[in-house]
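Structural overview
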Amino acid sequence: GKSGYDHYMLKEIHEQPRALRKCLRGRVDELGGTVELDELDEPPRPTAVQFVACGTSYHAALYGAQLFQDAGIPAQAFLASEYVTSPPPTGDALVVGVTQSGETADTLSALREAKGRGARTLALTNVVGSTVSRECDHVIYIRAGPEIGVAASKTFASQLAALNLFALATANGGDRDGLGALRDLPSEVQAVIDDSTAADVAAEYLDADGYFFIGRGLNYPVALEGALKLKEITYRHAEGFAAGELKHGPLALVTENTPVIAIATGDGELARKTVGNVKEVEARNAPVIAVTDGQSDIERYADHVLPIPETHPRTAAVLANVQLQLFAYHTAARLGRSIDKPRNLAKSVTVE
Ligand code: F6R
C-alpha cells in the first residue's frame, strides 16, 4: 500500500534514502578505497563506453557518460531510438543499456544493434531476470525495489548511485572523495526531503505559462529530468536546457510568468557561468528558483532558494534532483492530477 502517503510517487520519493542504502550495501570498501560489484566477475575495462537509454534513464546515461569522461574513459550517451545512426563503437568499447524495467523496446533494440556491431554489452537495471539482464554480457542491478508510480523517481536516484559505483569500479579505485560522498548520500537525501520547502514554492506558480530548468555539467541532465518529471505529472509545459543555451533562443520565451529553476552547485566555473545566465533571466523579470548548495552567489538573484547541503559535485546532482522531484510532485498534487498514472503513459514501453 501507500503507507499513508497520498500517492505512490511521494512514497517512492521518501523511500530514496533506503533505496540508496540498498544500492550501496556491501559494494563499497572505504578502507581499501575500492568498489566491489558481485554481479561482475571482473569489471570490464573498456577503452570507451557508449550508453543507450530512453527518457529518465537517458538522463541518467548523460550523467553516467560524464562520470566516465571524468575518469579518463571516452564516453557518450545516445537516445536508444537514435542509436542506429550513431558511429559504431570502436576498439574494446562497451555499450551500456540503462533501463530500470529492463523491457524497454527501444533500449533492447539498440543493445541488439550494438551486439551485431560486435560490441560487448552491459545492462544497468532494476529488474532481476528482465529481458535486458538475460540478453547482455554483463549486468549491474540498481536494487531500488519495486516502483509503482509511472513517473520514475527512486529508480533514477538509484541509477545515478549505481553509475557512480560502476565508474569507480572501472577506474580501479583510489577515489576516496567519491566513495565518501556516496556513503553520505542516503542521509543527505533524507535531510533534503525533511527540510524541503518545495511544496510552498510550487504553490506560488500553479498558473505559470511554462517552466524552464537550467543547469551545467552534471546538473544539465538534472535540469532535463526536472522538466520531464514536471511535464509528465502536471501536464504543464516545461523544458530543460543547458544553462548556456538559454540565450541561443529559448530566452525569447522567458517572461514574468515563466519561472526559471536554476541549479548551481559548487563554487567553480560552471556555477559562476550559471549565475551569469540567471542574471539574464532576472533582467527579464522571470521568477528565479535556485537549487543550490550556497557556494555561489546565485541566491542574490533568486526569488526562492531550494537548498541542498554542500557535497561532492556527483552527489550534489542527486540532491538537486530530489528538490525537483518534490517541486513537480507538489505542483501536480495542487493541480489535482493523476500522479501515479499520468494520462497517455505506461510504466514500461514495449513498442518502438
Ligand atoms: C519517466 C520515465 C520514462 C522511462 C523510459 C525508460 O518518468 O519513467 O521516461 O525512464 O520510458 O524506461 P526504462 O528505464 O524502464 O527503460
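The model shown is predicted, which means the values in this text are computed figures rather than measured ones. (Residues numbered from 1 in each chain as written. Predicted model: local features only at pLDDT ≥ 70, side-chain atom pairs only at ≥ 80, totals over all residues. Heavy atoms only, no water.)

Some thoughts on the environment of His330
Keep this limit in mind: Secondary structure elements are taken from DSSP: a helix is a run of H or I of four residues or more, a strand is a run of E of two residues or more, and numbering for both begins at the N terminus.
Within the fold, His330 resides in helix H11 (residues 313-334). Between the C-alpha atoms of His330 and Asp200, which are 130 residues apart in sequence, the distance is 8.4 Å.

A short note on the site of the ligand
Put simply, the rule reads: To be near a molecule or strand, a residue needs just one of its heavy atoms within 4 Å of it. Side-chain atoms alone can form a polar contact between residues adjacent in sequence; in general such a contact is a pair of N or O atoms within 3.5 Å, and within protein one must be able to donate a hydrogen while the other accepts it. Method for areas: the Shrake-Rupley scheme with a 1.4 Å probe, in which residue coverage is limited to the protein chains shown. Here a cavity denotes grid points, spaced 1 Å and computed from the protein atoms alone, that fit a 1.4 Å probe unable to get out, and a pocket denotes an open set having protein on both sides within 12 Å along at least 5 of 7 lines; residues with an atom within 4 Å of a point are the lining. In this description, a molecule resides in a pocket or cavity if more than half of its atoms sit within 2 Å of the grid points defining it. Classification used: nonpolar for Ala, Val, Leu, Ile, Met, Phe, Trp, Tyr, Cys and Pro, charged for Asp, Glu, Lys and Arg, polar for all others including Gly.
Near the ligand there are 13 residues, and of these Ser57, Thr99, Ser101, Thr104 and Glu232 occur at the shortest range. Contact distances for the ligand include 3.1 Å between an oxygen atom and a backbone N or O atom of Thr56. Interatomic distance of 2.6 Å between a side-chain N/O atom of Thr99 and an oxygen atom of the ligand. Contact with the protein chains removes 92% of the 410 Å² of surface that the ligand exposes when unbound. Judged by the proximity of its atoms to the pocket grid, the ligand belongs to the largest pocket. When residues of the shell around the ligand are assigned to their parent elements, the largest contribution, 3 residues, is made by helix H3 (residues 55-70). Here the shell around the ligand is built from residues that sort into 4 nonpolar, 7 polar and 2 charged.

A closer look at the sheet that holds strand S7 (residues 138-141)
Heads up, the rule is: Note: two strands are recorded as paired if DSSP finds a minimum of 2 bridges between them. Each axis is a line fitted through C-alpha atoms, and for a helix only the stretch in contact is used; angles between axes span 0 to 180 degrees, taken between their N-to-C directions.
Reading across the sheet, the 5 strands line up as S4-S3-S5-S6-S7 and stay open at both edges, with parallel pairing between neighbours. Each edge of the open sheet is held by one strand with a lone partner, namely strand S4 (75-79) and S7. For this sheet the average axis-to-axis angle between neighbouring strands, irrespective of direction, equals 20 degrees. As paired strands, strand S5 (residues 93-99) and strand S6 (residues 120-125) are joined by 6 bridges and run parallel to one another. Counted as the bridge partner of Val95 is Thr121 from S6.

Focus: a positive patch on the surface
The criterion, for reference: Patch definition: residues above 30% relative accessible area lacking any salt bridge, with like charges linked at up to 9 Å and the nonpolar side chains Val, Leu, Ile, Met, Phe, Trp and Tyr linked at up to 5 Å. Definition used for salt bridges: Asp or Glu carboxyl oxygen within 4 Å of a side-chain nitrogen of Lys or Arg. Charge assignment in this entry is limited to Lys and Arg as positive and Asp and Glu as negative, and neither His nor the chain termini are counted. Where a charge lies is defined by one atom per residue type: Lys uses NZ, Arg uses CZ, Asp uses CG and Glu uses CD. Relative accessible area decides the class of each residue, using a 1.4 Å probe on protein chains only: under 20% of the type maximum gives buried, over 50% gives exposed, and in between gives partly exposed.
A grouping of Arg18, Arg21, Lys22 and Arg25 is seen on the molecular surface, where their side chains present a positively charged patch. Within the secondary structure, Lys22 sits in helix H2 (residues 16-24). For Lys22, a relative accessible area of 31% corresponds to the partly exposed category.

Looking at the confidence of the model for the protein chain
What counts here: As a per-residue measure, pLDDT reflects the predictor's confidence and takes values from 0 up to 100.
Averaged over all residues, the pLDDT of the protein chain equals 95, while 100% of them reach at least 70. Across the whole predicted complex the pTM is 0.98, and at the interface the ipTM reaches 0.99.

Overview of the state of the cysteines
Put simply, the test is: Here, a disulfide means two cysteine sulfur atoms that sit within 2.5 Å of each other.
Under the counting rule described, the total for this entry stands at 0 disulfides. With no disulfide of its own, Cys23 lies closest to Cys136 among cysteine sulfurs, the gap being 18 Å. The closest cysteine sulfur to the non-disulfide-bonded Cys136 is located on Cys54, 13 Å from its own sulfur. A residue is classified by how much of its surface remains accessible, and Cys136, at 11% relative accessible area, is buried.

Quick look at the packing of aromatic side chains
For clarity, the cut-off: Ring pairs shown here join Phe, Tyr and Trp side chains whose ring centres sit within 6.5 Å, with only the six-membered ring taken for Trp; geometry is labelled stacked below 30 degrees between planes, edge-to-face above 60, and tilted in between. A ring is considered to have a charge above it if a Lys NZ or an Arg CZ atom is located within 6 Å of its centre and within 35 degrees of its normal.
This model, assessed by the stated rule, comprises 5 aromatic pairs. Ring centres of Tyr211 and Phe327 lie 6.1 Å apart, and the angle between their planes is 75 degrees; this geometry places the pair in the edge-to-face category. Of this pair, Tyr211 sits in strand S8 (residues 211-215) while Phe327 sits in helix H11, placing them 116 residues apart in sequence. You can call Phe327 buried: its relative accessible area is 1%. Through a chain of ring-to-ring contacts, three or more aromatic side chains come together here, namely Phe51, Phe68 and Phe166. One residue, Arg343, lies across the ring of Tyr235, its end atom 3.9 Å from the ring centre.

Digging into a negative patch on the surface
On the surface, a cluster of negative charge is contributed by Asp200, Glu204, Glu282 and Asp303. By secondary structure assignment, the location of Glu204 is in the loop between helix H8 (198-203) and S8.

Remarks on the sheet that holds strand S12 (residues 304-307)
Applied cut-off: Should any heavy atoms of two residues lie within 4.5 Å, those residues are counted as being in contact.
Judged by pairing direction, the sheet is parallel, and its 5 strands sit side by side in the order S9-S8-S10-S11-S12 without closing on themselves. For this open sheet the edge positions go to strand S9 (238-242) and S12, each flanked by a neighbour on one side alone. Across the sheet, the mean angle separating the axes of adjacent strands is 20 degrees when strand polarity is ignored. Against the sheet, helix H9 (residues 219-234) makes contact with S8, S9 and strand S10 (260-264), and its axis sits at roughly 175 degrees relative to S9, the strand it touches most.

Brief notes about H9
Where we set the bar: An expected span of 1.5 Å times one less than the residue number is assigned to each helix.
Between the first and last C-alpha of H9 there are 22 Å, a value that for 16 residues agrees with the 22 Å anticipated at 1.5 Å per step. Counted residue by residue, H9 has 13 buried out of 16 residues, so it is predominantly covered. Downstream of H9 by a residue or two, Tyr235 has a phi angle that is positive, lying close to 65 degrees.

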